[in-house]
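Structural description and commentary
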Amino acid sequence: MSLPTLPPANLKIWKKDYDRVLSLAKGAYNSTNMPEVQAESLYMLARVYHAQGEMEQANKFYDKACMHAPDLSPARFGLAQTLIWDEAYDEAAAHLRLLLGTCSNATDALAALGLLEVKAGKDRREAFVYLKKAIDLDPFNADLVLIEALALQQHESD
């Protein structure tokens, strides 16, 4: 029995080939009439633009993906992130609520919505319910505990 060989040191297993992703996603979008497949393609386009820091483009493609497939949670979360970047907090919170309607255990969405609710100064109890649920779902995630501490600090300073 022989041992498996390792790839050569100069071989890249993975690289960020955004141009190729853009090309493949556009090709997939144009080659089908199925809204779900088109939504996935639009989501991939949005992810590339998001990763490259082109938030306006990312927002546009996340939004189109959500229109094609309203239950595509990753696209909805990406859309909420770009809306937060654009300081459209109420709209971002609305998209996070929609996401939680289809994926109630999304800890990142719960944490983001909790922070948005604290920032908006609306129902603080509801904000901390979102944060507590995120922590209960992922109790070893130190980032969630830090987010709750930031929210408490914001709450006390108001």
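Residues numbered from 1 in each chain as written. Predicted model: local features only at pLDDT ≥ 70, side-chain atom pairs only at ≥ 80, totals over all residues. Heavy atoms only, no water.

1. Comments concerning the overall build of the protein
Of the regular secondary structure elements, the protein holds eight helices and zero strands. Start at the N end of the protein and walk to the C end: the helices and strands fall as α-α-α-α-α-α-α-α. Looking at the protein as a whole, 35% of its 158 residues qualify as buried. Within the protein, residue pairs in contact and separated by at least 24 positions form 39% of the contacts whose partners lie at least 6 positions apart. Surface exposure of the protein reaches about 10100 Å², of which carbon and sulfur atoms provide 55%. (Helix = DSSP H or I, 4+ residues; strand = E, 2+ residues; numbered from the N terminus. Buried < 20%, exposed > 50% of the residue type's maximum accessible area, 1.4 Å probe, protein only. Contact = heavy atoms within 4.5 Å. Areas by Shrake-Rupley, 256 points an atom, 1.4 Å probe, with all protein chains shown as cover.)

2. Some thoughts on helix α3 (residues 55-68)
Quick reminder: α-helices carry 3.6 residues per turn. Residues three or four places apart thus point the same way. Between its terminal C-alpha atoms α3 stretches 20 Å, which fits the 20 Å expected from 14 residues at 1.5 Å a residue. Within α3, burial applies to Met55, Ala58, Phe61, Tyr62, Ala65 and Cys66. The buried residues of α3 occupy an angular sector of 140° when projected down its axis, which confines them to one face. In α3, the exposed positions angled more than 90 degrees off the buried face are occupied by Glu56 and Met67. The inward-facing, buried residues of α3 contact α2 (35-51) and α4 (73-85). (Expected span 1.5 Å × (residues − 1). Arc of directions from axis to C-beta.)

3. Re unusual backbone geometry
Across residues other than glycine, the phi torsion is negative in most instances, and most of the peptide bonds are trans. At glutamate 87, a position not held by glycine, the phi torsion is positive, near 60°. By secondary structure assignment, the location of glutamate 87 is in the loop between α4 and α5 (89-102). Using a relative accessible area of 57% as the deciding quantity, one classes glutamate 87 as exposed.

4. Concerning the nonpolar core
If you look at the biggest cluster of nonpolar residues, it comprises 41 residues, and the most contacted ones within it are Leu45, Tyr62, Leu72, Ala75, Leu96 and Leu100. For this core, the elements supplying multiple residues, two or more each, are α1 (18-30), α2, α3, α4, α5, α6 (107-120), α7 (124-137) and α8 (142-157). The contacts of tyrosine 62, once residues within four sequence positions are left out, are Tyr43, Ala46, Arg47, His50, Ala75, Gly78, Leu79 and Thr82. (Core = buried A, V, L, I, M, F, W, Y, C linked by side-chain atoms within 4.5 Å.)

5. Notes on a negative patch on the surface
A surface patch of negative charge is lined by Glu54, Glu56, Asp86, Glu87 and Glu91. Secondary-structure assignment places glutamate 56 in helix α3. (Patch = residues over 30% accessible without salt bridge, like charges linked within 9 Å, V, L, I, M, F, W, Y side chains within 5 Å. Salt bridge = Lys/Arg side-chain N within 4 Å of Asp/Glu carboxyl O. Lys, Arg positive; Asp, Glu negative; His and termini not counted. Charge placed at Lys NZ, Arg CZ, Asp CG, Glu CD.)

6. Examining the environment of threonine 82
Mapped onto the fold, threonine 82 is located in helix α4. Of the residues examined, threonine 82 reaches a relative accessible area of 1% and is grouped as buried. Expressed as a C-alpha distance, the spacing of threonine 82 and asparagine 59, which sit 23 residues apart in the sequence, is 5.7 Å. Within polar-contact distance, the side chain of threonine 82 engages the side chain of asparagine 59 at 3.0 Å. (Polar contact = N/O pair within 3.5 Å; in protein donor to acceptor, adjacent residues only side chain to side chain.)

7. A closer look at α6
With 14 residues, α6 ought to run about 20 Å at 1.5 Å a step, and its terminal C-alpha atoms sit 20 Å apart, in line with that. With 10 of 14 residues buried, α6 lies mostly within the body of the structure. For α6, the full list of buried residues reads Thr107, Ala109, Leu110, Ala111, Ala112, Leu113, Gly114, Leu116, Glu117 and Val118. One or two positions beyond α6, positive phi appears at glycine 121, with a value near 70°.

8. Digging into a nonpolar patch on the surface
Residues Leu115, Leu146 and Leu150 make up a contiguous nonpolar surface patch of roughly 250 Å² in combined accessible area. If you trace the backbone, leucine 115 turns up in helix α6.

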